Amino acid sequence: MTAMMPQLWGADGVPMTGVAESLVPDGAALIAGPCALPEAPLAMPRQILERPKGFWLGLRAAPRPDAAAPGTGN
Amino acid sequence: MGLVAAGHGGALARLRLTAISLSLLAGVTAFLLFLQFGAADGLDALDVVRAVLILISTLWLAWGAVGGLIGLTTRAKAPPRARPDTAISARVVILMPVYNEDPVATFSRVAAMDASLAATGVGADFHFAVLSDTRNEAIAQREAQWFARLVQDRAGLGRFFYRRRAQNTGKKAGNIEDFIQRSGAAYDFALILDADSLMEGATIVEMVRRMQAEPRLGLLQTLPRVIRARSRFGRAMQFSASFFSPVFARGLAMLQGETGPFWGHNALVRITAFAECCGLPELTGKPPFGGHVMSHDYVEAALLARGGWVVRLDDDLGGSYEEGPENIVDHAKRDRRWCQGNLQHGKIITGPGLRGWSRFVFAQGIMAYIAPLFWLGFILASITAPLLAPPLDYFPEPYWPFPVFPRNEASKAISLAIGVFGLLLLPKLLVALKAAVDGRARGFGGAGLAFGSTLAELAFSSVTAPILLLFATRSVFQVLMGRDGGWPTNNRGDGQLALPEAWAASHWIVTIGLTGLGATWAFAPMLLLWLLPVGIPMVLAPLVIVWSSRDGGSRLMGVPTEYAPAPVMDLQDQILTRWTCAPDTPAAEPSSPCALPPEAAFAHV
């Protein structure tokens, strides 16, 4: 199987001889080279989904829905 | 459909108002009928409680029925279409998020969709990205092996991409977000799939053309049909999704207008709109209500609408498929996740700037899971009522020597029962009737067989409904008690269950059924007959679960894709046969199904 497969590249850019080896030991990402996702970043600002505590008591102003929330998650 | 597009806002508002008014009318009628019934022997507080419970339950049932009636009585307006020869200028990527899935089945779907796209002859360069969140190392290794096979098989170098995240932060929504943050600028549109999604190339091309033709369109959702079901439960779901859902979806599309739904897969998104509007924060607090947004799709649809983008369900688009759970237990597990996600929307429903209809959709989603509690509350209150009822007073008037007997208002209760059953049954029967008249029934084996299948589905869902009701109720209580359901892997095998498994999953339902029937017999024997249709399936839950998980091969509940598989299904079958039975199948492949029929390859994980 290995012989017939397209060449895959390790995360370090070194061609791999076996596909399974293209997985780094901790299971993290993976296949570089032509099979890696293109690098073309696009920002994805966090959205405001919740009213702040105290909003309903009139203690806090309503947030702007288009304002970016503090970054959390990935 | 952009069914009621801009400029038709008045018509949309009238339609929504009519639907809500009709539902309210049904609920209030049920409320008044029950009050009259309860007042026959003197109105007490429990009668009022029961009347309120029946009001809410009937309102919910009526809302579903009205949606069906709208779907039956309206015709989809033609969406803005580009000419069929319009060139595809957009850069399109097809995203396949996977999480501990069988790579053979999953990647064969990718190969089939690629082949189907190639067959359209549009000559566009569609890319595929497999976005792995797989945690199981053995499955991850198989993903790598089979991805290589996929790339080679479809000559996909430079078009097919694979990456596996080190941390699956944010689950599926985080997986998509990670792709957009890393590679989003390379594309204009992304077709978001599930691991079990399958779509015709022609459908994908048509979706891209529609999105190119409507610059305000942020998300275009298709109506996926369930395919490849084998068990009785799976085939009942498949028939329902294929026969009834298109009508109900049309009703939904009519009501939602441009504030349409996103069901998380088999939908095309405009990447700039998605990136601009759909970066999801973690919600405050701990799971199950805080943390990552679980049912992210509803939220993303609401956020796109908040950002001024059109979100549309084009129910006229065929060629969109998915697979479903094959047994009640797997269905309940999936439902547990959805339940937590929908209840979590309680924190978002008041979010700033959301459209009113988006808030209403969140409320509907929450109601879908708490509605069983109202029915259960009504049943419990009815069993309890005789215990708490004051003794009958035959001489309520002082100094009046003749007894006053309670009025017999049983006719009110019977009218109410007929009304409730009518709301449950009538829309489906009307769908069958319309299908017979307009010829759609031919795809389901003809009018006679389609009608028989409808009756069979009604009987089947009547038996399984009480069991599903208790599973849903347990899910709601688990969430309310703060238990996080996590992110279990979907089972996509044949799903056959043995009695011990079914018993382990449902013994508590048997206990509740026996206790409920015993209490009814002891305290409210006049209700026993009414409650048997609910109680007996509960008592027999393990048997029902086992029976419904078994092979459901029958002419009843046949669907068009069983009579004539869709071209993309054929393509996938051919690919599976070639992959799993070729001499170069990976030797290390532990579960190579060469000796099995193609469909068995779905049963790996």
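Note that the coordinates shown come from a computational prediction; the quantities given were computed from them, not determined experimentally. (Residues numbered from 1 in each chain as written. Chains lettered and ligands numbered in written order. Predicted model: local features only at pLDDT ≥ 70, side-chain atom pairs only at ≥ 80, totals over all residues. Heavy atoms only, no water.)

## Examining the overall build of chain B
Thinking step 1. Counting its regular elements, chain B contains 18 helices and ten strands.
Thinking step 2. Burial statistics for chain B: of 605 residues in total, 55% are counted as buried.
Thinking step 3. Considering only intrachain contacts with a sequence separation of at least 6, the fraction spanning at least 24 residues in chain B is 83%.
Thinking step 4. About 24100 Å² of surface is accessible on chain B, with carbon and sulfur atoms providing 65% of the total. (Helix = DSSP H or I, 4+ residues; strand = E, 2+ residues; numbered from the N terminus. Buried < 20%, exposed > 50% of the residue type's maximum accessible area, 1.4 Å probe, protein only. Contact = heavy atoms within 4.5 Å. Areas by Shrake-Rupley, 256 points an atom, 1.4 Å probe, with all protein chains shown as cover.)

## Digging into the overall build of chain A
Thinking step 1. Within chain A one finds zero helices and two strands.
Thinking step 2. Each of the 74 residues in chain A was classed as buried or not, and the buried ones make up 35%.
Thinking step 3. For chain A, the accessible area works out to roughly 4200 Å², and carbon and sulfur atoms hold 62% of it.

## Considerations on the nonpolar core
All names here are of chain B.
Thinking step 1. In this structure, F126 and F147 are the most contacted members of the largest nonpolar core, which totals 47 residues.
Thinking step 2. Element by element, the count of residues in this core is highest for helix α3 (residues 103-120), at seven residues.
Thinking step 3. Summarising the domain contributions, this core has at least three residues from each of domain 2 (92-279 + 299-322) and domain 4 (569-603).
Thinking step 4. Non-local contacts of F126, meaning those with residues more than four positions away in its chain, are made with I88, V92, I94, L117, R159, I204, V205 and V208.
Thinking step 5. Listed in part, the 40 residues of the second largest apolar core include Y187, L219, F262 and I348. (Core = buried A, V, L, I, M, F, W, Y, C linked by side-chain atoms within 4.5 Å. Domains from an automatic or database assignment.)

## A few points about the environment of H265(B)
Residues and elements named next belong to chain B.
Thinking step 1. Tracing the chain through its elements places H265 in the loop between α7 (232-256) and β8 (267-270).
Thinking step 2. It is 9.5 Å that separates the C-alpha atoms of H265 and L95, two residues lying 170 residues apart in sequence.
Thinking step 3. Not counting residues up to four positions away in its chain, the partners in contact with H265 are K172, I192, L193, D194, S197, Q221, P224 and E322.
Thinking step 4. Among the polar contacts made by the side chain of H265, one reaches the side chain of N266 at a distance of 3.2 Å.
Thinking step 5. At a separation of 3.4 Å, a polar atom in the side chain of H265 contacts the side chain of E322. (Polar contact = N/O pair within 3.5 Å; in protein donor to acceptor, adjacent residues only side chain to side chain.)

## Side note on helix α10 (residues 328-344) of chain B
All names here are of chain B.
Thinking step 1. Its 17 residues place the ends of α10 24 Å apart at the C-alpha level, agreeing with the 24 Å of an ideal helix rising 1.5 Å per residue.
Thinking step 2. Burial of α10 is extensive: 15 of the 17 residues sit out of reach of the surface.
Thinking step 3. By the N-cap criterion, in which a side-chain oxygen at the helix start approaches the backbone nitrogen of a residue two or three places on, α10 is capped by N327, the distance to V329 being 3.0 Å. (Expected span 1.5 Å × (residues − 1).)

## Here we look at helix α2 (residues 45-73) of chain B
Thinking step 1. Taking 1.5 Å as the rise per residue, α2(B) with 29 residues should run 42 Å; its terminal C-alpha atoms sit 41 Å apart, in good agreement.
Thinking step 2. Between the side-chain oxygen of the N-cap and the backbone nitrogen of L46(B) there are 3.1 Å, and the N-cap of α2(B) in question is D44(B).

## Let's talk about the pattern of salt bridges
Where charged atoms from two side chains of opposite charge come close, those side chains can pair.
Residue and element names in this part refer to chain B.
Thinking step 1. In this structure the tally under the stated criterion is 25 salt bridges over all chains.
Thinking step 2. R164 serves as the salt-bridge partner of E137, at 3.0 Å between the closest nitrogen and oxygen. In this pair, E137 is assigned in helix α4 (residues 137-153) and R164 in strand β3 (residues 160-164), connecting sequence segments 27 residues apart.
Thinking step 3. For E137, a relative accessible area of 36% translates into the label partly exposed.
Thinking step 4. Its relative accessible area of 1% is what places R164 among the buried residues. (Salt bridge = Lys/Arg side-chain N within 4 Å of Asp/Glu carboxyl O.)

## Points about the pairing of strand β4 (residues 189-192) of chain B
All names here are of chain B.
Thinking step 1. On β4, burial covers both faces: F189 and L191 on one face and A190 and I192 on the other are all buried.
Thinking step 2. As paired strands, strand β1 (residues 92-98) and β4 are joined by four bridges and run parallel to one another. Counterpart to L95 in the pairing with β4 is I192. (Pairing = 2+ DSSP bridges.)

## Quick notes on the sheet that holds strand β2 (residues 127-132) of chain B
All names here are of chain B.
Thinking step 1. Spatially, β3-β2-β1-β4-β8-β6-β9 is the arrangement adopted by the seven strands of the open sheet, whose pairing is mixed. In the strand order of this sheet, the two ends are held by β3 and β9 (310-313), each with one partner. Between one strand and the next, the sheet's axes are offset by a mean angle of 20°, whatever the strand orientation.
Thinking step 2. Relative to β2, β1 is paired through six bridges, and the arrangement is parallel. Bridging across to β2, V93 finds its partner in H127.
Thinking step 3. Helix-sheet contacts for α3 involve β1, β2 and β3, and the interaxial angle to β1 is about 165°.
Thinking step 4. Most of the contacts of helix α6 (residues 201-213) go to strand β6 (residues 217-221), to which it runs at about 155°, and overall it touches β1, β4, β6, β8 and β9. (Axes fitted to C-alpha atoms, helices over the stretch in contact; angles between N-to-C directions.)

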